Amino acid sequence: MFSVASFLALLALPVTGSPVEVRNSPITLPMTSRLAFSNVSDLLRHDEALIAALTQYNAHGRRDSVPLTNFDWGYSVSVGIGNPTRIYNLIVDSASAITWVGANTQYVSSTGTNIGVPVRGTYQFGSFQGTLFEDSMSFGTDQLSINRIRFGVASTSQGFAFDGVLGIGPRGLTRGILNSPEATLPTVADYLVRQRTIREPIVGVFFQPNGVGAPLIGHGEISFGGANHQRYTSNIQYTAITDIPPSSQYWGINQGITYGNRHIHILDYTAGIVNCGSTFLYIASDAFERYQAATGGTMNANGLLQISLNQYLALHTLYFRIGLYTYRFIRNAQIWPRSLNYKIDGGDGDDDIFLVVKRLSLPTGSGLDFINGYVFLQRYYAVFDGSMWPRVGFARTPYTVVESN
């Protein structure tokens, strides 16, 4: 076990090169989507493993392992590391903060330095163990590169179809992965701030809904240093990170949900997280029962609520109260893309309608009472602000009320 003091010098962020002008605009990168799951049951198992990982902590505050087989689904970015530059496809994960490589493509570089510190990480889709290295990193553009960054290199890993992970969660999530209970590792955004590439450790994410300009799944985009104003159509409204654990350790917020213009109560104003590693919209078990009663949905063999066409036509908007603002989640946003019904056992065709609101196993008050996953982020631009006063922001996009599903 390493002492905290031994890490203070070890993890000091290097600043190299001559002074440069800090960018006022964010740097935006495309995210590549992969949709290689055989049916929706794979997605549900993936999300269930995530939920278990989020709520299970050992005595050191680390997530215990939740084994899962290789899972080829998510959004990834291409990252170049070392000399000669080798490209790694890293899955973007907002529920972790360390960046690491080596799950599939081996790390080889003449400029890398082995720091000699063990690192490890556990995820909903697998785990890794390895060693901390320091090297250069680039993100497909001359505007976004880091001269010296410390990252993990896996010696062993399981459950990964990607080459590793680009963690965009709060820096505190790295606490414990270095075999020290208090030491943390800077995130990619932290390094970009320290070398004056961006002003603040802010990350914006954009996900285009399924079926809009793409046959299966929409385009994704990640921005460092701020939000990409070309992707949203309203002001970004911010809310502070919740103080209720375990949600407070993530991009956790407080939120309440009502149904329809009569504002039928669904979810108390309570704590949960925003996570681009989850597919569905999850709500506490008692809230789910109220939602099921309001919609009249019946449970499909895959674990999704199914409704008829007439029930869909009668389906009302969900209203999310987050901070001082309310966000609409229209009826079309609440359903699984009908073009992907072939991924659902029992989905006989495009006329079958399945809801994307899912049940959490715990009732309201657990500290993780909802997860706003991809289906929510496909309708609202999200900003994860890791500066001195951490917060999460949302803004409307051209797809907030689009009828795409």
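Residues numbered from 1 in each chain as written. Predicted model: local features only at pLDDT ≥ 70, side-chain atom pairs only at ≥ 80, totals over all residues. Heavy atoms only, no water.

## Regarding the packing of aromatic side chains
- Scanning the entire structure with this criterion turns up 21 aromatic pairs.
- For the pair Phe-280 and Trp-336, a centre-to-centre distance of 5.9 Å together with 25° between the ring planes defines the contact as stacked. In this pair, Phe-280 sits in the loop between strand E13 (264-274) and strand E14 (281-283) while Trp-336 sits in the loop between strand E18 (325-329) and strand E19 (353-354), placing the two residues 56 residues apart along the sequence.
- Given the relative accessible area of 5%, Trp-336 is considered buried.
- Among the aromatic side chains, those forming a connected cluster through ring pairs are Phe-320, Tyr-327, Phe-329, Phe-376, Tyr-380 and Phe-394.
- One Lys or Arg, Arg-331, reaches over the ring of Tyr-312 and ends 5.0 Å from the middle of that ring.
- The cationic tip of Arg-338 hangs over the ring face of Tyr-312; the distance from NZ or CZ to the ring centre is 5.3 Å. (Phe/Tyr/Trp six-rings, centres within 6.5 Å; stacked < 30°, edge-to-face > 60°. Helix = DSSP H or I, 4+ residues; strand = E, 2+ residues; numbered from the N terminus. Buried < 20%, exposed > 50% of the residue type's maximum accessible area, 1.4 Å probe, protein only. Lys NZ or Arg CZ within 6 Å of the ring centre and 35° of its normal.)

## Here we look at the confidence of the model for the protein chain
- Per-residue confidence for the protein chain gives a mean pLDDT of 83, with 79% of residues at or over 70.
- pLDDT under 50 marks residues 1-23. Its contacts with residues more than four places away, or in other chains, come to 46 contacts.
- Scored below 50 in pLDDT, residues 57-72 makes 53 contacts in the model with residues more than four places away or belonging to other chains. (pLDDT = per-residue confidence, 0-100. Contact = heavy atoms within 4.5 Å.)

## Regarding the side chain of Thr-400
- Tracing the chain through its elements places Thr-400 in the segment after strand E23 (391-396).
- Judged by its relative accessible area of 1%, Thr-400 falls in the buried class.
- Among the polar contacts made by the side chain of Thr-400, one reaches the main-chain carbonyl oxygen of Arg-379 at a distance of 2.6 Å.
- Polar side-chain contacts of Thr-400 include one of 2.8 Å to the backbone nitrogen of Thr-397. (Polar contact = N/O pair within 3.5 Å; in protein donor to acceptor, adjacent residues only side chain to side chain.)

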